[in-house]
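Chains, contacts and geometry: an overview
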Amino acid sequence: MAFSIRNHHLWRDGRSVEAVKARYDSGPFARTPKILVVHFTGGSSGRSSAEWFRAPDNTAKSSAHLVIDRDGSVIQCVDFDTAANHAGRSSWRDLSGLNQHAFGIELANWGDLYPYADGWYSEAGVRIANPFMGVHKNGNPHGGAQPIGWEPYPEIQFAALVEIVQRLVATYGIDEIVGHDDVAPTRKWDPGPAFNMARLRYEVFGDRAGDGDVTRTVMPVSGLNLRRGPGTAFDTIRLLPQGTVVRPLEQNGLWLSVSVLDAAGEPVDTGWVHGAYLSP
Ligand SMILES: [Zn+2]
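Source: prediction; values computed, not measured.

Turning next to the coordination of the zinc ion. Taken together, His 39 (ND1), His 180 (ND1) and Asp 190 (OD) make up the full set of protein donors to the zinc ion, lying 2.0 to 2.1 Å away. Along the chain, the residues donating to the zinc ion are arranged with the sequence spacing H-x140-H-x9-D. One end of the pair, His 39, is in strand S5 (residues 35-40); the other, His 180, is in helix H3 (residues 180-183), with 141 residues separating them in the sequence. Residue His 180 is classed as buried on the basis of its relative accessible area, which comes to 4%.

Below you can see the structure in the form of structure tokens.
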């Protein structure tokens, strides 16, 4: 295991990860958080965001526990025994003010992009060559129902997040992962549709519903498209041949988030399929 947690600080390969202490936090947690909130930074690099958290002109007084850069490198800005200022006005179930109830991890990512003649650009004018095209589940940030470009999350960044969250679960007993866009809907858009929340939950918690033996099979002779989101507006990842076995993870209307299994029953892919084309 590359990551470990000692004294409320993250270690990697036996060394403490770099600390860039945030200027602002909300003091010690009254009780250990059981929730993780995932964010994107909207910034150019993990370092730039960590530097912003300690800048005197950070008038929003924002901070987060960790920033994970696109290359998977990690900076810790707030210790895990202290509440960071990442969620703002927010609520989830019977809780409000998630800063006091949740850890916050920021992923370096521009988020929603802007269309120009030659492609999709970040707010800061950085061209993103292969954007994820998708519609935000709460509606797009600037309106419209058509898919827009979002910066993809690199696998190395996602893999670092998975392992870190596994350590947070083991150390603090986190039992729920949400997006900023879940706890502050229509005010915040992170981590957005390019982030595979179903996959993160599955990789961290496995199949908590205990119905892991329930698998379903692709029925049509012509196969079934595995897509990046619950609808035909989302990109196709690949065509699943007839007979492919999948394990449902979550449901959104008629669409199912599934884990695609290989012949040995091991998960090899995740995505969304239309449930009507699976064996019952
Ligand atoms: Zn956020």
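Turning next to the sheet that holds strand S12 (residues 119-121). Read from one edge to the other, the open sheet built from three strands follows the order S11-S12-S13, with strand pairing classed as antiparallel. Of all strands in the sheet, those bounded by a partner on one side alone are strand S11 (114-116) and strand S13 (127-128). Strand direction decides the pairing type here: S12 and S13, joined by two bridges, are antiparallel. Across the sheet, residue Trp 120 finds its bridge partner in S13, namely Ile 128.

Turning next to the packing of aromatic side chains. If you walk through the whole model with that rule in mind, you get seven aromatic pairs. Both rings, one in Phe 29 and one in Phe 103, keep their centres 5.6 Å apart while their planes meet at 80°; by these two values the pair is edge-to-face. With Phe 29 in the loop between strand S4 (18-19) and S5 and Phe 103 in strand S10 (residues 102-107), this residue pair connects regions lying 74 residues apart in the sequence. Take Phe 29 and Phe 103: they sit in the same class, and that class is buried. Measuring from centroid to centroid gives 5.5 Å for Phe 158 and Phe 195, while their planes differ by 45°, and the two rings are tilted. Note that Phe 158 is positioned in helix H2 (residues 155-172) and Phe 195 in the loop between H3 and helix H4 (197-205), a separation of 37 residues in sequence. An identical accessibility class is assigned to Phe 158 and Phe 195; each is buried. Each residue in the set Phe 29, Phe 80, Phe 103 and Tyr 172 is aromatic and connected to the rest through ring pairs, giving one cluster. Between Arg 6 and the ring centre of Trp 11, over which it is positioned, the NZ or CZ distance is 3.9 Å.

Packing of H2 against H4 brings their axes to within 9 Å, and their N-to-C directions diverge by 45°. Accordingly, the angle class assigned to the pair H2 and H4 is oblique. For the crossing formed where H2 meets H4, the hand is right-handed. The residues of H4 that touch H2, namely those facing Glu 155, Phe 158, Leu 161, Val 162, Val 165, Gln 166 and Val 169, are Arg 199, Leu 200, Glu 203, Val 204 and Phe 205. For the contact of H2 with H4, a count of residues per class yields eight nonpolar, one polar and three charged.

A rise of 1.5 Å per residue sets the reference length of H2, with its 18 residues, at 26 Å; its end C-alpha atoms lie 25 Å apart and thus fit the reference within 8%. Taken as a whole, H2 has its buried residues at Gln 157, Phe 158, Ala 160, Leu 161, Val 162, Glu 163, Ile 164, Val 165, Leu 168 and Tyr 172. Within two residues after H2, Gly 173 carries a phi angle of roughly 75°, on the positive side.

Right, let's talk about the pairing of strand S20 (residues 245-252) for a bit. The side chains of a regular strand alternate between both faces of the sheet. Direction of pairing for strand S17 (residues 216-217) relative to S20: antiparallel, over a ladder of two bridges. Note on S20: the bridge partner recorded for Thr 217 is Val 245. Taken together, the seven bridges between S20 and strand S21 (residues 255-261) define a ladder with antiparallel strand orientation. Bridge pairing links Val 246 to Val 260 in S21. Hairpin connection of S20 to S21: two residues between the antiparallel strands, including Gly 253 at a positive phi of 65°.

The next subject is the domain arrangement of the chain. Each assigned domain of the chain is listed with its residue range as follows: domain 1 (3-110 + 152-205) and domain 2 (216-277). Measuring from the centre of the C-alpha atoms in domain 1 to the corresponding centre in domain 2 gives 30 Å. Each partner contributes residues to the interface: domain 1 has five residues there, and domain 2 has seven residues. Taking both sides of the interface into account, the surface hidden between domain 1 and domain 2 amounts to around 500 Å²; carbon and sulfur atoms contribute 58%. The interface formed by domain 1 and domain 2 contains one salt bridge. For the salt bridge of Glu 250 with Arg 201, the shortest nitrogen-to-oxygen distance reads 3.7 Å. Our enumeration of links across domain 1 and domain 2 arrives at two residue pairs in polar contact (both at pLDDT 80 or more). Taken together, the residues of the side of domain 1 that touches domain 2 sort by class into two nonpolar, one polar and two charged.

The rules behind these values
- Residues numbered from 1 in each chain as written.
- Predicted model: local features only at pLDDT ≥ 70, side-chain atom pairs only at ≥ 80, totals over all residues.
- Heavy atoms only, no water.
- Donors = N, O, S within 2.8 Å, 3.2 Å for Na, K, Ca; no water.
- Helix = DSSP H or I, 4+ residues; strand = E, 2+ residues; numbered from the N terminus.
- Buried < 20%, exposed > 50% of the residue type's maximum accessible area, 1.4 Å probe, protein only.
- Pairing = 2+ DSSP bridges.
- Phe/Tyr/Trp six-rings, centres within 6.5 Å; stacked < 30°, edge-to-face > 60°.
- Lys NZ or Arg CZ within 6 Å of the ring centre and 35° of its normal.
- Axes fitted to C-alpha atoms, helices over the stretch in contact; angles between N-to-C directions.
- Parallel < 35°, antiparallel > 145°, perpendicular 65-115°, else oblique.
- Left-handed = near helix turned anticlockwise from the far one by under 90°.
- Contact = heavy atoms within 4.5 Å.
- Nonpolar A, V, L, I, M, F, W, Y, C, P; charged D, E, K, R; others polar.
- Expected span 1.5 Å × (residues − 1).
- Domains from an automatic or database assignment.
- Buried area = accessible area lost by both parts, 1.4 Å probe.
- Salt bridge = Lys/Arg side-chain N within 4 Å of Asp/Glu carboxyl O.
- Polar contact = N/O pair within 3.5 Å; in protein donor to acceptor, adjacent residues only side chain to side chain.

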